[in-house]
Amino acid sequence: MSYSLATLWYERHRYMPGVLAVGFSALLIALQCGLLLGLFSITSIPVDHTRAHLWVGAPQTLSVDLGRPMPESYLLRVASQPGVEKAEIYIQGFAYWGKPNGGSELCMVIGSRLESDSLGAVKELTPELRARLTEPGAIIVDESDIGRLGIKGIGDVAEIIGQRVRVVGLVKGLRSLAGPYVLASINTARPLLRLSQEQTTYVLARCRHKSDAPGVVAKLRDFTSMTAFTQDEFSLRTRMHWLTKTKAGIALGCAAALGLLVGAIVTSQTLYAATAASIREYAVLQALGIPRWRMALTVLAQSFWVGILGIAVAVPVVLLLTQGAEMVNAPLQLPSWLLALAVGVTMTMAMVSGLAALRSLRLVEPATLLR
Amino acid sequence: MLRERPTLRAIALSRTFGSGEVATTALHEVSLDLYGGEFALLMGPSGSGKSTLLAAISGLLRPDHGQVLALGKDLWRISDGERQAFRLKFCGFIFQGYNLFPALTARQQLEMVLRWGEGAPYREARQRTDEMLSLLGLSKKAHLRPVQLSGGEKQRVAIGRALIKEPTFCFADEPTSALDWAHGEQVIELLRNAARERGTTVLVVSHDARIVPLVDRVLHLEDGVLAEPEPARSSELWSVR
């Protein structure tokens, strides 16, 4: 066992605040980023829960919910691209939902084709639900939005911009941020969004291989009257738009920075105090001619182990909380890359704290041992 | 026993602390020769400048005036890095108090000096450490931490730390002050053996008069002046061993 690790273990009570501070920082970063990721992944559900490899919309479309009408004839342009296997139209837009008992609510109407190989129908729509949606005026909403929409369940009737709609089914897990999703057929959705028969919001396409999508997108970008994205690009673009539009990124950055700062100060002070407590021992070593950098390396090794132990404390807690969040259906996402990022940032913080604690070695003066 | 050429010479060392009316002269033109294998004792009342002299001749505290010639090197005319390298290669120190790392075992305290100082490989450091601990009578205590050792044992570990690299010089400041005489005598015996058997130049600073019969030479310092100043010899210094 290295000397620094031996010291850390023997004087664990002294180092405990540093370990806990690092753990707290890691926990804070992972959970905040995970929550934000989960929250904004809701915004790209229409992109992520469908089968299209590429999305084509009006020029400068910022996110999936901000699509604008464009000619349906663009469908041919997309379908004729080499590599494209199938293309279809997809309409989406905000509308006002008139509650049966009065009042209104902003909702997001999604109109897609309903065949079994449809590209735009979200995966939550079972074949049975799709069949029900073929009826004129039929819509499906998420069961968690029932209260928000002022309805009781299947069979209820409401109005969207004066058009009568009837709830024919409910889905689960289609959470929304700006307004509840209202799923419908193309024919039902068009009038709800005041689109003409010649208009669509997006053209979706599927390639023979998903890897062909970037090439097709590159070709479609030659057309200035429309804009094209791969599924992954559009998903990310949507989330990033929401992240920046709501300034949540700044809030996250400030909170994470604060957590890091507190962690860094506590860790640095812990290491400083621990080193200062051994200042006479270090002074003996320096009198014996052992170079100062060797002692500095020990302080840095201690900061490394404090970082590792802090993360070892934090990771199980993070995983436990993630499971807990799943149980209560909280939008927390913790992909492995995010966990790795939190670990990386926290370790960097611990090492920087170690560097800051090196100032304690300036107190080492062997001549003082002879007074 | 004494060699003809000194391994360490202090020539007209002076050191003053403070300035103006509060200036205190700790050393006043002190000259001194020490020889290989010599076990010398530096005595004097508190505040007489003993520790300052020890610090100046061992390369820890720069004197205001004078020279320290150790194995041919003028210690205060070389760079800090060179002085550190000199101490690393040739000097061992024992200070008041034990100054042992609380978390490390007796073995680790000694190993650390070899591994960090000389970059000795683990096996070699372990072997040399165990030999030294055996010499100190601490083989069975190698795995114990300072809190588990008696005062005498801790001081022996501190001596082991000073002698493990087989230094040419060993400087000890009040090495018996915290010990009863039985343990103090053991400590002095260890230092005397280092001088006799390894040819180490040992200089001990102490108030303890019981040590006097056990050393080769006694130097008295009072008010920064050696009571019987040694003449600085002009002969060549000992070469590095």
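Residues numbered from 1 in each chain as written. Chains lettered and ligands numbered in written order. Predicted model: local features only at pLDDT ≥ 70, side-chain atom pairs only at ≥ 80, totals over all residues.

Things to note about the overall build of chain B
Test applied: Helix and strand labels come from DSSP, where a helix needs a run of H or I of at least four residues and a strand needs a run of E of at least two; each type is numbered from the N terminus. For the radius of gyration, the atoms used are the C-alpha atoms, and the globule rule reads 2.2 Å times the number of residues raised to 0.38. Note on burial: count the other C-beta atoms lying within 10 Å of the residue's C-beta; 20 or more is buried, 12 or fewer is exposed, in between is partly exposed, and C-beta positions come from the backbone. Throughout, a residue-residue contact means that the two C-beta atoms, derived from backbone geometry, are no farther apart than 7 Å.
Summing up its helical and strand segments, chain B has 6 helices and 10 strands in all. Scaling as 2.2 N^0.38, a compact globule of 241 residues should have a C-alpha radius of gyration of about 18 Å, and chain B matches this with 18 Å. When the backbone C-alpha atoms are referred to their principal axes, chain B occupies close to 50 × 40 × 35 Å. Burial statistics for chain B: of 241 residues in total, 51% are counted as buried. Across chain B, the fraction of contacts at a sequence separation of at least 24, relative to all contacts at a separation of at least 6, is 74%.

Concerning the interface of chain A and chain B
To keep things clear, this is the line we draw: Amino acids outside the nonpolar list (Ala, Val, Leu, Ile, Met, Phe, Trp, Tyr, Cys, Pro) and the charged list (Asp, Glu, Lys, Arg) are all regarded as polar, and Gly is one of them.
Residue-level contacts link 20 residues of chain A with 25 residues of chain B. Mapped by element, the contributors of at least two residues to the side of chain A that touches chain B are α1 (3-10) and α11 (279-287) of chain A. Here the side of chain A that touches chain B is composed, by residue class, of 12 nonpolar, 3 polar and 5 charged.

Here we look at the domain arrangement of chain A
For clarity, the cut-off: Each domain's extent is set by a domain assignment, obtained either automatically or from a database.
Segmenting chain A into domains produces domain 1 (3-41 + 247-370) and domain 2 (59-225). Taking only C-alpha atoms into account, the centre of domain 1 of chain A sits 48 Å from that of domain 2 of chain A.

Some points on the environment of S104 of chain A
With respect to the secondary-structure elements, S104 of chain A resides in strand β4 (residues 104-112). Along the sequence, S104 of chain A and I160 of chain A sit 56 residues apart, while their C-alpha atoms lie 9.1 Å from each other.

Remarks on the nonpolar core
Nonpolar side chains in soluble globular proteins generally cluster together in the buried interior. Note the threshold: The nonpolar core is taken to be a set of buried Ala, Val, Leu, Ile, Met, Phe, Trp, Tyr and Cys residues joined by way of C-beta atoms within 7 Å.
If you look at the biggest cluster of nonpolar residues, it comprises 124 residues, and the most contacted ones within it are A30 of chain A together with L42 and L191 of chain B. The dominant element in this core, judged by the number of residues it contributes, is helix α2 (residues 12-41) of chain A, at 14 residues. Apart from the residues lying within four places of it in its own chain, the contact partners of L42 of chain B are K50, L53, L54, L203, V204, V205, L219 and L221 of chain B. V47, W97, I110 and I140 of chain A belong to the second-largest nonpolar core, a separate cluster that totals 57 residues.

Brief notes about the packing of helix α3 (residues 106-118) of chain B against helix α5 (residues 151-163) of chain B
Residue and element names in this part refer to chain B. We count it as follows: Angles here are taken between N-to-C directions and fall from 0 to 180 degrees, while the axes themselves are lines fitted to C-alpha atoms, restricted in helices to the stretch in contact. Roughly parallel covers angles under 35 degrees, roughly antiparallel covers those over 145, roughly perpendicular covers 65 to 115, and oblique covers all other angles. Two helices cross in a left-handed way if the nearer one is turned anticlockwise from the farther one by less than a right angle. They cross in a right-handed way if the turn is clockwise.
Where α3 contacts α5, the two axes come as close as 8 Å, and the packing angle between them is 20 degrees. Comparing the axis directions of α3 and α5 gives the class roughly parallel. Crossing handedness for the pair α3 and α5: right-handed. Facing A106, Q109, L110 and V113 of α3, the residues of α5 in contact are V157, G160 and R161. Broken down by class, the residue content of the contact of α3 with α5 amounts to 4 nonpolar, 2 polar and 1 charged.

Observations regarding the environment of D180 of chain B
Structurally, D180 of chain B is set in the loop between β7 (169-173) and α6 (181-198). With 28 residues separating them in the primary sequence, D180 of chain B and G152 of chain B have C-alpha atoms 8.3 Å apart.

A few points about the sheet that holds strand β4 (residues 65-70) of chain B
Residues and elements named next belong to chain B. What counts here: One bridge is not enough; two strands pair if DSSP finds at least two bridges between them.
Ordered in space as β2-β1-β4-β5, the 4 strands form an open sheet in which the pairing is antiparallel. Of all strands in the sheet, those with a lone pairing partner are β2 (24-34) and β5 (73-74), marking the two edges. Running over the sheet, helix α1 (residues 50-57) touches β1 (8-17), β2 and β4 and is turned about 125 degrees from β1.

A few points about the pairing of strand β3 (residues 39-43) of chain B
Residue and element names in this part refer to chain B. Judged by how many residues are buried, β3 sits mostly within the fold: 4 of 5 residues are covered. With 4 bridges connecting them, β3 and strand β8 (residues 201-205) associate as parallel partners. Residue pairing across strands places L41 opposite V204, the latter belonging to β8. Sheet analysis places β3 next to strand β9 (residues 217-222), joined by 4 bridges and oriented parallel. Its bridge partner being in β9, L42 is matched across the sheet by L219.

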